[in-house]
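Structural overview for review
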Amino acid sequence: MEKDKILNVARYIAMTGCTVRGASKIFGISKSTVHNDMTKKLVYIDAGLYRRVKSVLDFNMSVRHLRGGESTKKLYQKNKT
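Quick summary incoming for the structure in this document. (Residues numbered from 1 in each chain as written. Predicted model: local features only at pLDDT ≥ 70, side-chain atom pairs only at ≥ 80, totals over all residues. Heavy atoms only, no water.)

Thoughts on the side chain of Ser24
Looking at where Ser24 falls in the secondary structure, it is placed in helix α2 (residues 20-27). At a separation of 2.7 Å, a polar atom in the side chain of Ser24 contacts the main-chain carbonyl oxygen of Arg21. Residues in contact with Ser24, not counting those within four places in the same chain, are Ile29, Ser30, Lys31 and Val34. (Helix = DSSP H or I, 4+ residues; strand = E, 2+ residues; numbered from the N terminus. Polar contact = N/O pair within 3.5 Å; in protein donor to acceptor, adjacent residues only side chain to side chain. Contact = heavy atoms within 4.5 Å.)

Set out below in structure tokens:
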């Protein structure tokens, strides 16, 4: 059962490019569980899928400061009006 859950989450992340937070909301599990499953367990289940998911997670990590800045910008613009 756990193996199926890990594969479902991994396929979803690979297909949609969503973040760990987004996947955790969709599947109803914690962010730490998603992160742990994708970075430590998936490699032993499906190495090819692991590489695809890792590239998505690495990309999301590289742009998180930009997403945070946009979010803050929208917050201040909303409060300004």
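Concerning helix α1 (residues 2-16)
An ideal rise of 1.5 Å per residue puts 21 Å on 15 residues; α1 measures up with 21 Å between its terminal C-alpha atoms. Every buried residue of α1 is accounted for by Ile6, Leu7, Val9, Ala10 and Ile13. The buried residues of α1 occupy an angular sector of 165 degrees when the element is viewed end-on, so they sit on one face. Lining the buried residues of α1 we find α2, α3 (31-45) and α4 (47-62). Once α1 ends, the next one or two residues include Gly17, with phi positive near 75 degrees. (Expected span 1.5 Å × (residues − 1). Buried < 20%, exposed > 50% of the residue type's maximum accessible area, 1.4 Å probe, protein only. Arc of directions from axis to C-beta.)

Let's talk about the packing of α1 against α2
At a minimum axis distance of 10 Å, the contact between α1 and α2 shows a crossing angle of 130 degrees. When the axes of α1 and α2 are compared, the pair comes out oblique. When the axes of α1 and α2 are compared, the crossing they make is right-handed. Contact residues: Asn8, Val9, Tyr12 and Ile13 in α1; Ala23, Ile26 and Phe27 in α2. Residues of the contact of α1 with α2, tallied by class, amount to 6 nonpolar, 1 polar and no charged. (Axes fitted to C-alpha atoms, helices over the stretch in contact; angles between N-to-C directions. Parallel < 35°, antiparallel > 145°, perpendicular 65-115°, else oblique. Left-handed = near helix turned anticlockwise from the far one by under 90°. Nonpolar A, V, L, I, M, F, W, Y, C, P; charged D, E, K, R; others polar.)

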